[in-house]
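What follows is each chain in one-letter form.
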Amino acid sequence: MATTQDLTETQRGFRAAMANLSAAVNVVTTDGRHGRAGVTVSAACSVTDSPPTMLVCVNRSSSSHDIVMANGRVCVNVLGTDQEELAMHFAGATNVPTSERFGAGSWDFGTYGVPVLRDALASVVGRIVGKRRQGSHTVAFVEIDAVTSRLGSGALVYFQRRFHSLTA
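Scoring rules and cut-offs
Residues numbered from 1 in each chain as written. Predicted model: local features only at pLDDT ≥ 70, side-chain atom pairs only at ≥ 80, totals over all residues. Heavy atoms only, no water. Pairing = 2+ DSSP bridges. Helix = DSSP H or I, 4+ residues; strand = E, 2+ residues; numbered from the N terminus. Phe/Tyr/Trp six-rings, centres within 6.5 Å; stacked < 30°, edge-to-face > 60°. Buried < 20%, exposed > 50% of the residue type's maximum accessible area, 1.4 Å probe, protein only. Lys NZ or Arg CZ within 6 Å of the ring centre and 35° of its normal. Axes fitted to C-alpha atoms, helices over the stretch in contact; angles between N-to-C directions. Contact = heavy atoms within 4.5 Å. Arc of directions from axis to C-beta.

Draft legend 1. Looking closely at the sheet that holds strand E1 (residues 23-24). Taken in spatial order, the 3 strands line up as E1-E11-E12 in an open sheet, and their pairing is antiparallel. The open sheet has two edge strands, E1 and strand E12 (162-166), and neither has a second partner. Pairing between E1 and strand E11 (residues 155-159): 2 bridges, direction antiparallel. Considered in E11, the bridge of Ala23 is made with Tyr158.

Structural data, given as structure tokens:
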């Protein structure tokens, strides 16, 4: 990974600007022939509802990247205010090995064939129907098969390089 002094002025400015872009915090999970994995992402958004499709960006340096892309079936778990520690586990910031990250949280492993976080604000299950390598990330288009959601919690957002709670 490039250090700040290795970056151009434009890259440093871009990073500073993007720190001011609030983003939902999500854990993207997969299971299948290539294994079970999950990764925290803030770059995820809706594309269209015809057919229901999301865009998800996964850093290629993530230990989960290749597994997510190879399995091709994912769940985008939108995190609530009380799930910052889970976000840190799946971001690799707590030194919890990849194989042990699913020990935190309550997961449904059987209903959709991918891990679904039972108390996520929303869980959006689908299959990767397109992908493009762009710089350090892979941009994946996920066509949605199933959605669950719940009320009662605020959202976990990432803003100015820190987690924040957002309530309605």
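Draft legend 2. Representation of the packing of aromatic side chains. Applying the stated rule across the entire model yields 5 aromatic pairs. Ring geometry for Phe102 against Phe109: centres 5.9 Å apart, planes inclined by 70°, an arrangement best described as edge-to-face. What makes Phe109 partly exposed here is its relative accessible area of 31%. Sitting above the plane of the Phe102 ring, Arg36 keeps its charged end 6.0 Å from the centroid.

Draft legend 3. Quick peek at unusual backbone geometry. Following Ser50, the chain continues into Pro51 via a peptide bond in cis, with omega recorded as -5°. The residue Pro51 is located in the loop between strand E4 (44-49) and strand E5 (52-59) in this model.

Draft legend 4. Representation of the sheet that holds strand E6 (residues 73-78) in the model. Overall, antiparallel pairing links the 7 strands, which are arranged E3-E2-E6-E9-E10-E5-E4 in an open sheet. Single-partner strands in this sheet number two, and they are strand E3 (37-41) and E4. Between one strand axis and the next, the sheet turns by 30° as a mean value, whatever way the strands run. Direction of pairing for strand E2 (residues 26-30) relative to E6: antiparallel, over a ladder of 4 bridges. Paired with Asn26 across the strands is Val78, a residue of E6. Strands E2 and E3 of the sheet are contacted by helix H3 (residues 84-91), whose axis makes an angle of about 115° with E3.

Draft legend 5. Local environment of H3. All of the buried residues along H3 are Leu86, Ala87, His89 and Phe90. Down the axis, H3 shows its buried residues gathered within 160° of arc, on one side only. Of the surrounding elements, those touching the buried residues of H3 are E2, E3, strand E7 (107-108), strand E8 (116-117), E11 and E12.

Draft legend 6. Representation of the pairing of strand E9 (residues 122-134) within the structure. Pairing of E6 with E9, which is carried by 6 bridges, proceeds in the antiparallel orientation. By the bridge assignment, Val78 is partnered in E9 with Ala122. Here 12 bridges tie E9 to strand E10 (residues 137-149), and the two strands are oriented antiparallel to one another. Residue pairing for E10: Ala122 is matched across the bridge by Ser149.

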